[in-house]
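Observations on the three-dimensional arrangement
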Amino acid sequence: MPRSRTGAGKAGTRAGLSPAAVVDAALATVDEQGPAALTLAAVAARTGVAVPSLYKHVKGLPELRWMLVRRVFGELAEQLRDAVLGRSGDDAVAAVLHAYRDYARAHPERYALLPQGAGPQAAELGAEVVKVIFAALRGYGLADADLVHATRCLRAAAHGFAALETAGAFGLPDSIDTSHDHLVTTITSGLATAFRVRA
């Protein structure tokens, strides 16, 4: 039997198409071409099916985007959990900041998919990342309200640096790694000052 122009991979993908496979193909498209290139037509072409066939697995492009956001938040949370495992206090916070930056640098295009606005769906999908940050900060013995404030500060610092760096906003020639090291030091020392961390 003659092979298709895209080879056995195309036929295999068509036969085994699933929601997870659609997300895999969509993320590959984003990684290669950026979030703006994400269309149902692009995903259909990558999976070797016609666009109508995708509707068996996803309702449309808006739902597909949220499926990707869910996957990316899950990947980020897993990387953060692995980084903080067995650490506490300043070491845990430093691990969060480094792991957050590492994920964004390794996957800048998919990181750009993460929503920056408010909304219950975005909050729900980002909850696992917040839980890891909460866990990293619990070792400081903060009161509940302070824990919330500290989590917001740490998340803002991690995301702000990652977003600016992956967008190419750090144009000066000085070392970005050194800048990030200073950020880690500033955050860890600032926690002790701002929240009267328990010794």
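Residues numbered from 1 in each chain as written. Predicted model: local features only at pLDDT ≥ 70, side-chain atom pairs only at ≥ 80, totals over all residues. Heavy atoms only, no water.

**Observations regarding helix H3 (residues 40-47)**
This is how the line gets drawn: For the exposure calls, accessible area comes from a 1.4 Å probe over protein chains only, and a residue counts as buried if that area is under 20% of its type's maximum, exposed if over 50%, partly exposed in between. Secondary structure elements follow DSSP: runs of H or I no shorter than four residues count as helices, runs of E no shorter than two count as strands, and numbering proceeds from the N terminus. Along the arc lie the directions from the helix axis toward the C-beta atoms.
By the burial criterion, the buried members of H3 are Leu-40, Val-43, Ala-44 and Thr-47. All buried residues of H3 project into a common sector of 100 degrees when viewed along the axis, lining one side. Two residues or fewer past H3, Gly-48 is found with a positive phi of approximately 80 degrees.

**Some words on the nonpolar core**
Rules: Nonpolar cores are built from buried Ala, Val, Leu, Ile, Met, Phe, Trp, Tyr and Cys residues. Side-chain atoms within 4.5 Å join them into one set. Any two residues whose heavy atoms approach within 4.5 Å are treated as being in contact.
Among the nonpolar cores identified, the biggest contains 58 residues, and Leu-54, Leu-64, Leu-68 and Leu-137 are the most heavily contacted of them. Among the elements of the structure, helix H2 (19-33), H3, helix H5 (61-84), helix H6 (89-106), helix H9 (127-138), helix H10 (144-166) and helix H11 (176-195) are those that each provide at least two residues to this core. Sequence-distant contacts of Leu-68, defined by excluding residues within four places in its chain, comprise Val-23, Ala-26, Leu-27, Val-30, Leu-38 and Leu-113.

**Some details on the packing of H9 against H10**
Axis angle and axis distance: for two packed helices, these are the angle between their axes and the distance between the axes, and together they describe the pair. How we decide: Only C-alpha atoms enter the line fits that serve as axes; for helices the fit covers just the stretch in contact. Angles between N-to-C directions range over 0 to 180 degrees. By the definition used in this description, the sense in which the near helix is turned from the far one sets the handedness, with an anticlockwise turn below a right angle giving left-handed and a clockwise turn giving right-handed. As a working rule, the residues Ala, Val, Leu, Ile, Met, Phe, Trp, Tyr, Cys and Pro are called nonpolar, Asp, Glu, Lys and Arg charged, and the rest polar, with Gly in that last group.
Orientation of H9 relative to H10, taken along the N-to-C sense of each, is 115 degrees, at an axis distance of 9 Å. Helix-helix and strand crossings are classified by hand; for H9 and H10 the assignment is right-handed. For the pair H9 and H10, contact is made by Val-130, Ile-133, Phe-134, Leu-137 and Arg-138 and by Leu-147, Val-148, Ala-150, Thr-151, Leu-154 and Arg-155, respectively. Across the contact of H9 with H10, the residue classes tally to eight nonpolar, one polar and two charged.

**Here we look at the confidence of the model for the chain**
Quick note on the threshold: Values of pLDDT, which run from 0 to 100, indicate the predictor's confidence residue by residue.
Summarising the model, the chain shows a mean pLDDT of 89, and 89% of its residues fall at 70 or more. Across the chain, the secondary-structure element scoring lowest on mean pLDDT is helix H1 (residues 8-15), at 42, and the one scoring highest is H6, at 97. Considering only residues more than four positions removed or in separate chains, one finds that residues 1-13, a stretch of pLDDT under 50, has five contacts.

**Quick word on the side chain of Arg-110**
By secondary structure assignment, the location of Arg-110 is in helix H7 (residues 108-111). Among the residues examined, Arg-110 registers a relative accessible area of 9% and is labelled buried. Other than its neighbours up to four places away in sequence, Arg-110 contacts Leu-27, Val-30, Asp-31, Val-72, Glu-75 and Tyr-103.

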